[in-house]
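For reference, the chains in residue letters:
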Amino acid sequence: MSQRVALIVNPTAGKGAGRALGAEALRLLREAGHEVVDVSGSDYQQARTQARQVVSDGVDTVVVVGGDGMVHLGVNLCAATSARLAVVAAGTGNDFARNLGLPVRDVPAAVALLTEGSTRRVDLGRVSDGVVGDRWFGGVLGAGFDAVVNARAQRMTWPRGQMRYNLAVLRELPVFRPIPYAVELDGRRIETRAMLVAVANTTSFGGGMQVCPDADVADGLFDVMIVHALSIPAFLRVFPKVYSGTHITHPAVEIYRARRVRLEASGIHSQADGETFADLPIDAEVVPGALRVVTPSEVPA
């Protein structure tokens, strides 16, 4: 069945592969009989503005071609609307796509899901702001070492891909100090000095870092990880274990579950889905089933 589709492409995704993959997606969508409105624009802001108008006018599906940053844009366009989100995963990390069992760098398989796949409702995180309104995230919101590293990585022009993040880690680590936090979990207040706090809807971020390996996008709860204060040598021993999820056995790492989370810390900025997000303090809540996303009929294990 043909659909009206808004297409948004990040041409720089996947070390520059996004442009070609976006062109392939456009061709395949049209060949499948879909009415496609390309709202990619010349930059992120223009794409967002154009896409908002198209979603407001009514589309069946928003298709994003890129990595988790483009997913973040799609989440904020489709959250709490009737529009579905479809992801053509073309980025470096693709954490959201992997969490939902979506094809990665396989444009024909991703496009085919619009007609052959299923529509699944998943939870989202919502942060309300009286000035800019509701802001949403689909994966992980982090505030601490990860956000500092993410900000540095976004300022860097070399190298590309995962190595840029790794280099940012090496540059930030020697000067990083534990941060005084207040964390409220469904009203329970925890005051601590920590390396980072992550509020997770999905299991991973940063290209496979399994920060909360048991997080579930449909359980109506955040998994909240707190890495309490560690010396730099100790942090260096723990940090690599995040890729296997075995860091959670360390006594400095605690994971809680909550529907509502408040994070307080002075001078700290958060990141969500790998994108610069909001200054602390912030209040986040899980909104069950807030996003309709196109997935395989049978999600791979």
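Since we're looking at a predicted model, the values are computed, not measured.

**Topic: empty space enclosed by the protein**
Here's step 1: Inspection of the entire model under this criterion finds two cavities of 30 Å³ or more.
Here's step 2: Taken together, 15 residues line the largest cavity, and the ones lying closest to its centre are Leu196, Met225, Val227, Phe239 and Val242.
Here's step 3: Elements supplying a minimum of two residues to the lining of the largest cavity: α7 (145-155), β10 (222-228) and α9 (232-238).
Here's step 4: In this model, the second largest cavity occupies a volume close to 30 Å³.
Here's step 5: Together, Ala86, Val87, Leu102, Pro103, Ala110, Leu113 and Val294 line the second largest cavity.
Here's step 6: Taken together, the elements giving at least two residues each to the lining of the second largest cavity come down to β4 (84-89) and α6 (107-116).

**Re the nonpolar core**
Here's step 1: Phe137, Leu141, Phe145, Val261 and Leu263 are the most contacted members of the largest nonpolar core, which has 54 residues in total.
Here's step 2: No other element matches the eight residues that strand β9 (residues 188-200) contributes to this core.
Here's step 3: Apart from the residues lying within four places of it in its own chain, the contact partners of phenylalanine 137 are His72, Val75, Leu124, Gly125, Arg126, Val127, Val199, Phe222, Ala272, Asp273, Phe277 and Ala284.
Here's step 4: Within the second largest apolar cluster, 53 residues are counted, among which are Val9, Leu28, Leu85 and Val217.

**With respect to the environment of arginine 193**
Here's step 1: The residue arginine 193 is located in strand β9 in this model.
Here's step 2: Along the primary structure arginine 193 and leucine 85 are separated by 108 residues, whereas in three dimensions their C-alpha atoms are 38 Å apart.
Here's step 3: Not counting chain neighbours up to four residues away, the residues in contact with arginine 193 comprise Pro178, Ile179, Pro180, His228 and Ala229.

**With respect to the packing of helix α2 (residues 18-31) against α6**
Here's step 1: Across the interface, α2 lies against α6 with an axial gap of 10 Å and an inter-helix angle of 40°. Here α6 runs oblique to α2, going by the angle between their axes. Helix-helix and strand crossings are classified by hand; for α2 and α6 the assignment is right-handed. Only Val107, Pro108, Val111 and Leu114 of α6 make contact with α2, whose side of the interface consists of Leu21, Glu24, Ala25, Leu28 and Leu29.
Here's step 2: Of the residues contributing to the contact of α2 with α6, the split by class is eight nonpolar, no polar and one charged.

**Things to note about the packing of helix α3 (residues 44-57) against helix α4 (residues 68-78)**
Here's step 1: Close contact between α3 and α4 brings their axes to 10 Å; oriented N to C, the two are set at 30°. Classified by the angle their axes make, α3 and α4 are roughly parallel. Here α3 and α4 pass one another in a crossing that is right-handed. Of α4, the residues touching α3 (which contributes Tyr44, Arg48, Ala51, Arg52 and Val55) are Gly69, His72, Leu73 and Leu77.
Here's step 2: Considered class by class, the residues forming the contact of α3 with α4 number five nonpolar, two polar and two charged.

**Here's the deal with the side chain of serine 40**
Here's step 1: Within the secondary structure, serine 40 sits in the loop between β2 (35-38) and α3.
Here's step 2: Of the polar contacts made by the side chain of serine 40, one reaches the backbone nitrogen of valine 9; its length is 3.0 Å.
Here's step 3: A polar atom in the side chain of serine 40 sits 2.6 Å from the side chain of aspartate 38.
Here's step 4: Setting aside residues up to four positions removed in sequence, serine 40 forms contacts with Leu7, Ile8, Val9, Ala47 and Gln50.

**Observations concerning the packing of aromatic side chains**
Here's step 1: Scanning the entire structure with this criterion turns up three aromatic pairs.
Here's step 2: Both rings, one in phenylalanine 137 and one in phenylalanine 222, keep their centres 5.8 Å apart while their planes meet at 10°; by these two values the pair is stacked. Highlighted residues: phenylalanine 137 in strand β6 (residues 133-137) and phenylalanine 222 in strand β10, separated in sequence by 85 residues. For the pair formed by phenylalanine 137 and phenylalanine 222, the shared burial category is buried.
Here's step 3: An aromatic cluster is built from Phe137, Phe222 and Phe277, whose rings are joined through pairwise contacts.
Here's step 4: The ring of phenylalanine 277 carries the charged tip of arginine 135 above its face, separated from the ring centre by 4.6 Å.

What counts, and where the lines are drawn
- Residues numbered from 1 in each chain as written.
- Predicted model: local features only at pLDDT ≥ 70, side-chain atom pairs only at ≥ 80, totals over all residues.
- Heavy atoms only, no water.
- 1 Å grid on protein atoms, 1.4 Å probe; cavity = no way out; pocket = protein on both sides within 12 Å on 5 of 7 lines; lining within 4 Å.
- Points joined across faces, edges and corners; volume = space filled by probe spheres on them.
- Helix = DSSP H or I, 4+ residues; strand = E, 2+ residues; numbered from the N terminus.
- Core = buried A, V, L, I, M, F, W, Y, C linked by side-chain atoms within 4.5 Å.
- Buried < 20%, exposed > 50% of the residue type's maximum accessible area, 1.4 Å probe, protein only.
- Contact = heavy atoms within 4.5 Å.
- Axes fitted to C-alpha atoms, helices over the stretch in contact; angles between N-to-C directions.
- Parallel < 35°, antiparallel > 145°, perpendicular 65-115°, else oblique.
- Left-handed = near helix turned anticlockwise from the far one by under 90°.
- Nonpolar A, V, L, I, M, F, W, Y, C, P; charged D, E, K, R; others polar.
- Polar contact = N/O pair within 3.5 Å; in protein donor to acceptor, adjacent residues only side chain to side chain.
- Phe/Tyr/Trp six-rings, centres within 6.5 Å; stacked < 30°, edge-to-face > 60°.
- Lys NZ or Arg CZ within 6 Å of the ring centre and 35° of its normal.

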